[in-house]
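# Observations on chain architecture
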Amino acid sequence: MSAFSAMAQQQRLVQHLDLSSPMLLIFATGNTNQINIVQDTVDYVSISSLVPLDTACLPQIFLLQELEQLPEVDVTRLVVNAPANVDQVEIHLRNTTLGITGNGRSDIRVTSANPDDTLVFKSLGVNAMHYCYIGIVSPVKTKSITLYSMEHGSVYCTAYWADNYFESCEPTAILNISSRNGEKVEGEDRRLITQSFRYKPKYPTRYPAKDRLHISLVGALLQNMANPNEITFEQYLNLPIQTTLSNWQVELGYDVVCRPHFAFTMGLGYDFARYHYRDPYSSIGTELYFPFGPTTEFGTGGDSLKYWHTDLTSQHLTLPISFTYYSQTQHYNGFHAGLDIIAGIPIGGAVQHERYSNYDDMTFNDLHTPNVLNNFNRVDSNIQFDFRVRVGWGRWNVMAQFSTIKLMNYLWAGKLLPLRIGLELNL
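For the structure given in this document, a descriptive report is provided here. Computed from a predicted structure; not experimentally measured. (Residues numbered from 1 in each chain as written. Predicted model: local features only at pLDDT ≥ 70, side-chain atom pairs only at ≥ 80, totals over all residues. Heavy atoms only, no water.)

## Comments concerning the pattern of salt bridges
- One pass over the full model with this rule turns up ten salt bridges.
- Measuring nitrogen to oxygen at the nearest pair gives 3.4 Å for the salt bridge that ties Lys 210 to Asp 211.
- In this structure, Arg 420 engages Asp 386 in a salt bridge whose closest nitrogen and oxygen atoms are separated by 4.0 Å. In this pair, Arg 420 is assigned in strand 29 (residues 417-426) and Asp 386 in strand 25 (residues 384-393), connecting sequence segments 34 residues apart.
- Owing to a relative accessible area of 1%, Asp 386 belongs among the buried residues under this scheme.
- Among the charged side chains, a network of salt bridges with common partners joins Glu 251, Asp 340, Arg 388 and Arg 390. (Salt bridge = Lys/Arg side-chain N within 4 Å of Asp/Glu carboxyl O. Helix = DSSP H or I, 4+ residues; strand = E, 2+ residues; numbered from the N terminus. Buried < 20%, exposed > 50% of the residue type's maximum accessible area, 1.4 Å probe, protein only.)

Written as C-alpha cells, this is what we have:
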C-alpha cells in the first residue's frame, strides 16, 4: 500500500486505491466508527479523527485481499478495521458490483457523491450482523439486490428498483424497506421481517399510469403521390406535388402493454392536412375545368397563373396503434424506434378552396380594380389507413407516414396517396 498523505487541518488522511475489480466485497469488522460508502467517479479511501492519528498503524486499517474461493470470478475483498479513535471512514468507489458485510457496532451508510443522484449497481448485496447498522440512504437501481439482517443487525433501505431481489431477516434483527420497485412497503413489513422473500418477475419493471400516457405533436411536410400506371407523364408533371409544411397531428396514447424495452400503445388523435395544388386550375370532380380562363376579365393574359391558388383541406379523427422499442428502461430517454398503424375517419369531408386575386404580391399595387374570388366545394373523402415509421432519441422522433388508401378519386390523374415526412414531439 502506498503511503497516506495527511491533511492536518482536518485530521483527515487519504489514500487512492484501485477498487475496480469485477466484484468487490467490503467487510467492516466494526468498532464504533461511522463508515460512509460513496458511489463516485474516483476510487479512494480516507479516515478522519478529532485526535491526532498514529500513522504507523494506518496501513492496517484498509486491507485488499484477492479471494481464490471463486476461481471463475475475480473477487477482491476490502477489509476495514479502524480503531475506536477513528471517527469517520470514507470509501469512494466506481465499482457497480458490490457486496457489504458489517460485523460489529459500526454505522455504515451507502450513498452517492451527489445526494440527489440514484445509486446504480449491476448487483448489490448487504449483510448486517452483531449490532451493525447498514443504511442505504440514496435510492438504488440494480439488476439484483440481496438484503440480509441477522443476530441483532439492522438494515434500512430508502427505496430500490431491482429485477431480482432477496430479502431475509432473523427474528432478532430488523429489515426496514420504505419502497420496493415503486410500491410502498406496508407497516408490518417495515417493522420486522421474519421470513425470506425471493421474486423473479417475468417483466420486472412496473410503470405507473403517468409514465404510460403519451401526448404527441406531429408536424410534417406533405407531398402527394399518385399511381404512375394510371396517368400519363404529362399529367404526372401537373400533379399537386407542391411540398409544404401543411400537415399536423395531435395524438393521445396509453401503453396497454409496457415492458422495459417494448410498449404497445393505443390512442385517439386528430389529423389536419392541407394540399396545395401545383396546378392552380386543378379541380376535384368529373372534369378538369378553368372557371375563369386566362382571357377573362379577372385574368391578365399569361401571368394569370400567378394570381390563382387552389388547395384542399381534409380532417380525420384517428385511432393510432403503436409498437415501440426502447433501448432504455426509462422510455423518455435514449434511442427508440417504432411502427404506427393509423386508422382515420373523415370529419365532414374535404373542402376545396379556389381563390383568385389581382392584387400584386410583388409590388403591393393594384393591377386593375381589386378583384377577389373565393369558391368552396365540399368533396367526399375516404377513410384513412396509414403506416408511420419513427426513429428518435429522448422525446424527439423523425417520422415518415404513408397512406395505403387514396384520399379521394382524382379522376383525371389517378390516386392521391399522401406521403408525410416530419418531426414528432412526445410531451
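## With respect to the pairing of strand 26 (residues 396-403)
- Burial along strand 26 is one-sided: the face carrying Asn 397, Met 399, Gln 401 and Ser 403 is buried and the face carrying Trp 396, Val 398, Ala 400 and Phe 402 is not.
- Sheet analysis places strand 25 next to strand 26, joined by eight bridges and oriented antiparallel. Paired with Trp 393 across the two strands is Trp 396, which belongs to strand 26.
- Here strand 25 folds back onto strand 26, and the loop between the two strands holds two residues, one of which, Gly 394, carries a positive phi near 65°. (Pairing = 2+ DSSP bridges.)

## Digging into the nonpolar core
- Membership of the largest hydrophobic core comes to 45 residues, with the highest contact counts inside it found for Ile 37, Phe 62, Ile 91 and Leu 147.
- Counting residues per element, this core draws most heavily on strand 14 (residues 154-169), at six residues.
- With seven residues, the next largest nonpolar core counts Tyr 275, Tyr 277, Leu 312 and Leu 407 among its residues. (Core = buried A, V, L, I, M, F, W, Y, C linked by side-chain atoms within 4.5 Å.)

## What about the side chain of Asn 426?
- As for its placement among the helices and strands, Asn 426 is situated in strand 29.
- For Asn 426, a relative accessible area of 12% gives the class buried.
- The residues touching Asn 426, leaving out its near neighbours within four places in the chain, are Ile 215, Ser 216, Tyr 332, Arg 395 and Asn 397. (Contact = heavy atoms within 4.5 Å.)

## Description of the pairing of strand 8 (residues 88-93)
- Burial runs high along strand 8: five of the six residues are buried.
- Judged from the six bridges that link them, strand 4 (residues 34-39) and strand 8 form a sheet pairing that is parallel. Residue pairing in the sheet places Ile 37 in a bridge with Ile 91 of strand 8.
- Summarising the sheet, strand 5 (residues 44-48) and strand 8 pair through five bridges and their orientation is antiparallel. In the sheet register, Ser 48 faces strand 8, and the bridge partner there is Gln 88.

## Considering unusual backbone geometry
- Backbone geometry places Tyr 131, a non-glycine residue, at a positive phi of 70°.
- Along the polypeptide, Tyr 131 turns up in the loop between strand 11 (119-129) and strand 12 (133-136).
- Of note in this structure, His 152 is not a glycine but carries a positive phi near 70°.
- The topology assignment puts His 152 in the loop between strand 13 (140-149) and strand 14.
- With relative accessibility at 38%, the residue His 152 sits in the partly exposed group.

## A closer look at the packing of aromatic side chains
- A full pass over the atoms with the stated rule returns six aromatic pairs.
- With a centroid separation of 5.8 Å and 65° between ring planes, the pair formed by Tyr 160 and Tyr 165 is classed as edge-to-face.
- Look at Tyr 165 and you get buried, because its relative accessible area is 10%.
- Arranged with centres 5.5 Å apart and planes meeting at 90°, the rings of Phe 385 and Phe 387 form a pair that is edge-to-face.
- Within the aromatic cluster, the residues linked to one another by ring pairs are Trp 248, Tyr 270 and Phe 272.
- The residue whose ring lies beneath Lys 141 is Trp 161, and the NZ or CZ to ring-centre distance is 5.7 Å. (Phe/Tyr/Trp six-rings, centres within 6.5 Å; stacked < 30°, edge-to-face > 60°. Lys NZ or Arg CZ within 6 Å of the ring centre and 35° of its normal.)

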